[in-house]
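# Commentary on secondary and tertiary structure
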Amino acid sequence: MHPDQFEKYSRQVLFAGIGEKGQERLLASSAVLVGCGALGTVTANLLVRAGLGRLRVIDRDFVEPSNLQRQTLFEEADARESLPKAVAAERRLRGINSDVKVEGVVADMTPANARELLEGHALILDGTDNFETRLLVNDAAIALVLPFIYAAAVGSYGVTMAIRPGETPCLACLLEGDENSSAALGAEATCDTAGVLNAAVGVVASVQVTEALKILAGRPEALHGRLISCDAWTGRFQTIRAPRNPNCRACARHEFIYLEGEAQPHITMCGRDSVQIHERSRKFDLADLGARLVSASASDVRNNQFLLRFRVPPYEMTVFADGRAIVKGTTDPAVARSLYARYLGA
Ligand SMILES: [Zn+2]
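None of these values were measured; they are calculated from a predicted model.

### Here we look at the coordination of the zinc ion
Within the protein, the zinc ion binds to C170 (SG), C173 (SG), C248 (SG) and C251 (SG); these donor distances fall in the range 2.3 Å. In this structure, the zinc ion is coordinated by four donor atoms arranged in tetrahedral fashion, with angles at the metal of 97 to 123°. Along the chain, the residues donating to the zinc ion are arranged with the sequence spacing C-x2-C-x74-C-x2-C. One end of the pair, C173, is in helix α9 (residues 171-175); the other, C248, is in the loop between β8 (236-240) and β9 (267-268), with 75 residues separating them in the sequence. Each of the two residues, C173 as well as C248, counts as buried.

Structure representation (structure tokens):
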């Protein structure tokens with residue numbers, strides 16, 4: 001370690017669980033974060049300050065005013081400019097610790113790109129907001145034999161567990177096959193229906209980062225191997241040693257139904273009244289498209305270098321350069337699909 005780094009990380013090096021050797025390993029390590037919302041921003045902030053070598057941050061969404069209550073890397077200006085979260089996070093994280101190579105990727109994780117986006121890292125961190133994507137990442141983690149730290153938070157409740165393929169239960173062991181378990185894991189409530197407390201997010205993200213530090217600093221024997229759930233409001237904390245399902249379709253039978261799935265279906269997003277449309281990688285010239293929309297009947301057409309937004313009351317559409325679009329004002333995929341076809345082409 002360089003003397004400046006020794007000083008920068010001195011309080012962590014003094015901690016016996018990390019030490020000088022652990023810090024050196026940490027600085028040579030890499031991780032990929034899938035989703036940079038409430039959990040993801042807290043996790044990325046802590047990990048980058050702890051000093052790892054490389055962090056890739058993947059997110060499909062853009063910053064909105066309602067994010068700022070809990071998404072601690074973002075500021076009002078990011079929401080005003082509708083910056084993609086991956087772009088805003090990369091800027092902020094580089095300013096926090098220039099030792100770390102931070103790479104923001106504006107993308108939606110799908111069966112088609114999951115392996116490419118995840119491989120080459122030592123650890124995958126869950127910052128997603130839906131179980132479809134989590135199960136896709138779980139499949140990819142097992143296929144690539146990479147540790148994956150699951151985390152979720154809604155209301156004042158959160159849950160997290162470090163998954164190591166072949167050694168611990170995987171997310172499919174916990175979620176599939178038992179109808180009661182998915183409710184206990186927060187799979188049913190969403191931020192839409194239950195809201196979310198920023199402090200609850202902080203508790204879960206902190207536990208997730210602690211497990212991440214053990215893996216990246218070369219202390220796997222310190223992993224506790226338990227599923228931790230906590231309710232920050234009631235003060236109820238639980239740890240469970242969950243069993244592996246010996247017949248799990250993912251970690252036992254290697255049937256990667258999410259990873260081998262066809263194109264991603266239309267998804268209703270968490271946190272607002274909107275539907276996301278995936279088109280098979282179309283490339284839009286956003287400035288060109290904006291000019292065409294102005295001459296069509298769209299209003300409030302605005303674009304920055306990453307996205308284009310326009311209104312067709314009562315709907316608002318946000319289009320990304322890769323052909324993806326988010327339609328706000330409906331939860332009906334058929335309505336969203338018809339708007340997409342009308343304004344962006346079939
Ligand atoms: Zn499993």
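### Re the sheet that holds strand β4 (residues 124-126)
Pairing within the open sheet is mixed, and its eight strands lie in the order β3-β2-β1-β4-β5-β6-β7-β8. Strand pairing shows two members of the sheet lacking a second neighbour, β3 (101-106) and β8, which therefore form its edges. Ignoring strand direction, the axes of neighbouring strands in this sheet form an average angle of 15°. Across the sheet, helix α6 (residues 85-96) touches β2 (54-59) and β3, and the angle it forms with β3 is around 170°. Relative to the sheet, helix α8 (residues 131-144) contacts β1 (30-34), β4, β5 (148-154) and β6 (157-163), its axis offset from that of β5 by approximately 170°.

### Structural notes on α8
Look at α8: 19 Å from first C-alpha to last across 14 residues, which is about the 20 Å you get at 1.5 Å a residue. Buried residues dominate α8, accounting for 12 of its 14 residues. Of all the residues in α8, the buried ones are F131, T133, R134, L135, L136, V137, N138, D139, A140, A141, I142 and L144. Elements that come into contact with the buried residues of α8 comprise β1, α7 (114-118), β4, β5, β6 and α9.

### Notes on the side chain of S30
The residue S30 is located in strand β1 in this model. In this structure, S30 is in contact with L52, R54, G120, H121, A122, L123 and L216, ignoring residues within four places of it in sequence.

### Thoughts on the pairing of strand β11 (residues 299-303)
The sheet contact formed by β11 and strand β12 (residues 307-312) spans three bridges and is antiparallel. Each bridged residue has a counterpart across the sheet, and for S299 the counterpart in β12 is R311. Between β11 and the antiparallel strand that follows it, β12, lie three residues.

### Details of the packing of aromatic side chains
One pass over the structure, following the stated rule, counts three aromatic pairs. Centroid distance F310 to Y343: 5.9 Å. Interplanar angle 50°. Geometry classified as tilted. On the criterion of sequence distance, the pair formed by F310 in strand β12 and Y343 in helix α14 (residues 333-344) is long-range, its members being 33 residues apart. F310 sits in the buried class, given a relative accessible area of 0%.

### Quick word on helix α4 (residues 38-50)
With 13 residues, α4 should cover 18 Å at 1.5 Å per step; its first-to-last C-alpha distance of 19 Å lies within 8% of that length. Buried residues dominate α4, accounting for 11 of its 13 residues. Three or more residues of α4 are buried, namely A38, L39, G40, T41, V42, T43, A44, N45, L47, V48 and A50. A positive backbone phi angle near 90° is found at G51, which sits one or two residues after α4.

### Observations concerning the nonpolar core
Ranked by size, the top nonpolar core spans 38 residues in total, and within it M109, L118, I124, F148, Y150, C170 and L171 carry the most contacts. For this core, the secondary-structure elements that each account for two or more residues are β1, α7, α8, β5, β6 and α9. It is α8 that provides the largest number of residues to this core, a total of eight residues. Counting 33 residues, the second largest nonpolar core, distinct from the first, contains L26, V48, A88 and A217.

### Here we look at the side chain of N113
Mapped onto the elements, N113 comes out in the loop between β3 and α7. For N113, a relative accessible area of 17% translates into the label buried. A polar contact is formed between the side chain of N113 and the backbone oxygen of D108, at a distance of 2.9 Å.

### Overview of the environment of A140
Inspection of the secondary structure puts A140 in helix α8. Placed 65 residues apart in sequence, A140 and E75 show a C-alpha to C-alpha distance of 33 Å. Apart from the residues lying within four places of it in its own chain, the contact partners of A140 are A114, L118 and L259.

About the criteria used
- Residues numbered from 1 in each chain as written.
- Predicted model: local features only at pLDDT ≥ 70, side-chain atom pairs only at ≥ 80, totals over all residues.
- Heavy atoms only, no water.
- Donors = N, O, S within 2.8 Å, 3.2 Å for Na, K, Ca; no water.
- Tetrahedral: all angles 85-135°; square planar, octahedral: opposite > 155°, others 65-115°.
- Helix = DSSP H or I, 4+ residues; strand = E, 2+ residues; numbered from the N terminus.
- Buried < 20%, exposed > 50% of the residue type's maximum accessible area, 1.4 Å probe, protein only.
- Pairing = 2+ DSSP bridges.
- Axes fitted to C-alpha atoms, helices over the stretch in contact; angles between N-to-C directions.
- Contact = heavy atoms within 4.5 Å.
- Expected span 1.5 Å × (residues − 1).
- Phe/Tyr/Trp six-rings, centres within 6.5 Å; stacked < 30°, edge-to-face > 60°.
- Core = buried A, V, L, I, M, F, W, Y, C linked by side-chain atoms within 4.5 Å.
- Polar contact = N/O pair within 3.5 Å; in protein donor to acceptor, adjacent residues only side chain to side chain.

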